[in-house]
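# Structural description and commentary
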Amino acid sequence: MGSNERLMQASISAGLDRYILFQELGRSQWVPSGLELHTILNDGTECINDAAPEQAGNKTKADFIESLLGLIYMKNGFTAARSVSEELGITLPRDSDYDVSIPGYTPNKRIMKVTEILGGIQFTHPVLLEEALTHPTCTHEEVPCYQKLEWVGDAVLCLFARSWVFDKFPSSKVGELVILESTIVCNETLAYLCISNGLQRYLNHCDPSLPGRIEAFEIDCKARGLWATGTLNATSFICFHSMNEKSYFTCFLIAISS
């Protein structure tokens, strides 16, 4: 859905590509759409400026849609950006009857204690919390493992990190913002947040080597500091909040980098 081809077509279909500027807007060179720009020559005669206007490339048209959605999100929030995306045909509306419940599921009391660590957040769908804590090695559990939630959380984490970096460093260039974002969302940073809050204790897994790997990472952090841990495999922690009770859910995701 987010391919350049689809975004380019959305720009053309909505007629937005006509408003892309390639040079500074000057009073003497601008005319309303549908009118002609006349030029006065050195001899005093007037002629029509027949120079063909510069056309935006396909990649530029796609980039324009991305920047437009970014602007709407930063100024008006997620709901407004989603509405515009649906209007442009970039995304599809979610089904109103979306259901993640599992028949007969009973919330795990031990797992529910995690809400205390997360500031008392109440989960609309407790089953998702247990899913977020279920490692892929648990092949016979009632709930699926966290891999699908990790995929969603990856995008959510990047969105929140970029929003924060954009607000905190308004004068920074794109390359600098990318470095800052990468530092925030790297495995070492997320793993440190996880062990700092003791969330690794609630991970449901059947991997006998996992506790030792997590403990080694924790010792390494204490001995040499977070940024000296290199590319050591670690537990990743992602947190995000519900934006719409029926179509989005509040949960945190724990993942093991491989």
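Please refer to the structure placed before this passage.
So, here is what we can say about the structure in this document. (Residues numbered from 1 in each chain as written. Predicted model: local features only at pLDDT ≥ 70, side-chain atom pairs only at ≥ 80, totals over all residues. Heavy atoms only, no water.)

## Description of the overall build of the chain
When its secondary structure is counted, the chain shows 10 helices and 4 strands. The linear arrangement of helices and strands in the chain, starting from the amino end, is α-β-β-α-α-α-α-α-α-α-α-α-β-β. Split into buried and exposed, the 258 residues of the chain put 33% on the buried side. In the chain, of all internal contacts separated by at least 6 residues, the share reaching a separation of at least 24 is 57%. For the chain, the accessible surface area stands at approximately 16600 Å², while carbon and sulfur atoms represent 55% of it. (Helix = DSSP H or I, 4+ residues; strand = E, 2+ residues; numbered from the N terminus. Buried < 20%, exposed > 50% of the residue type's maximum accessible area, 1.4 Å probe, protein only. Contact = heavy atoms within 4.5 Å. Areas by Shrake-Rupley, 256 points an atom, 1.4 Å probe, with all protein chains shown as cover.)

## Thoughts on the side chain of Asp17
The topology assignment puts Asp17 in the loop between helix H1 (4–13) and strand E1 (38–40). Within the buried set, Asp17 has no salt-bridge partner at all; the shortest N-O distance to an opposite charge, 4.1 Å, is to Lys61. Apart from the residues within four sequence positions on either side, Asp17 is in contact with Ser11, Ile12 and Lys61. (Lys, Arg positive; Asp, Glu negative; His and termini not counted. Salt bridge = Lys/Arg side-chain N within 4 Å of Asp/Glu carboxyl O.)

## A look at the nonpolar core
Ranked by size, the top nonpolar core spans 9 residues in total: Ile111, Val114, Leu118, Phe123, Leu129, Leu133, Cys194, Leu199 and Tyr202. Formed by 8 residues, the second largest nonpolar core is a distinct cluster that contains Ala191, Ile195, Leu210 and Phe217. (Core = buried A, V, L, I, M, F, W, Y, C linked by side-chain atoms within 4.5 Å.)

## Considering helix H7 (residues 147–168)
An ideal rise of 1.5 Å per residue puts 32 Å on 22 residues; H7 measures up with 31 Å between its terminal C-alpha atoms. Where H7 is concerned, the buried positions are Leu149, Gly153, Val156, Leu157, Ala161, Ser163 and Val165. (Expected span 1.5 Å × (residues − 1).)

## Some points on the packing of H7 against helix H8 (residues 174–185)
Angle between the axes and distance between the axes: these two values describe a pair of packed helices. Look at H7 against H8: their axes get within 10 Å of each other, and the N-to-C directions meet at 130 degrees. Here H7 lies oblique to H8, going by the angle between them. Taken as a pair, H7 and H8 cross one another with a handedness that is right-handed. In contact with Leu157, Cys158, Ala161, Arg162, Trp164 and Val165 of H7, H8 contributes Leu177, Leu180, Glu181, Ile184 and Val185. (Axes fitted to C-alpha atoms, helices over the stretch in contact; angles between N-to-C directions. Parallel < 35°, antiparallel > 145°, perpendicular 65-115°, else oblique. Left-handed = near helix turned anticlockwise from the far one by under 90°.)

## What to know about H8
Taking 1.5 Å as the rise per residue, H8 with 12 residues should run 16 Å; its terminal C-alpha atoms sit 16 Å apart, in good agreement. Looking only at H8, the buried set comprises Leu177, Glu181 and Val185. Buried residues of H8, seen end-on, are gathered within an arc of 60 degrees and therefore sit on one face of the element. Its buried side turned inward, H8 meets H7 and helix H9 (187–196). (Arc of directions from axis to C-beta.)

## What about the packing of aromatic side chains?
Counting across every chain of the model gives 1 aromatic pair. Here Trp164 and Phe169 contribute two aromatic rings whose centre-to-centre distance is 6.2 Å and whose plane-to-plane angle is 75 degrees, an arrangement assigned as edge-to-face. (Phe/Tyr/Trp six-rings, centres within 6.5 Å; stacked < 30°, edge-to-face > 60°.)

## Section: the pattern of salt bridges
Going through the model one piece at a time under the given rule, you end up with 4 salt bridges. For Asp63, the salt bridge identified is with Lys59, shortest N-O distance 2.8 Å. With Asp63 and Lys59 both in helix H2 (residues 58–76), this residue pair falls 4 residues apart, about one helical turn. What makes Asp63 partly exposed here is its relative accessible area of 30%.

## Quick notes on the packing of H2 against helix H3 (residues 78–87)
Following both chains from N to C, one finds H2 and H3 inclined at 150 degrees, their axes separated by 7 Å at the closest point. With respect to each other, H2 and H3 are oriented roughly antiparallel. The crossing of H2 and H3 is right-handed. Of the residues in H3, those touching H2 at Leu69, Ile72, Tyr73 and Asn76 are Phe78, Ala80, Ala81, Val84 and Ser85. Classifying every residue of the contact of H2 with H3 gives 7 nonpolar, 2 polar and no charged. (Nonpolar A, V, L, I, M, F, W, Y, C, P; charged D, E, K, R; others polar.)

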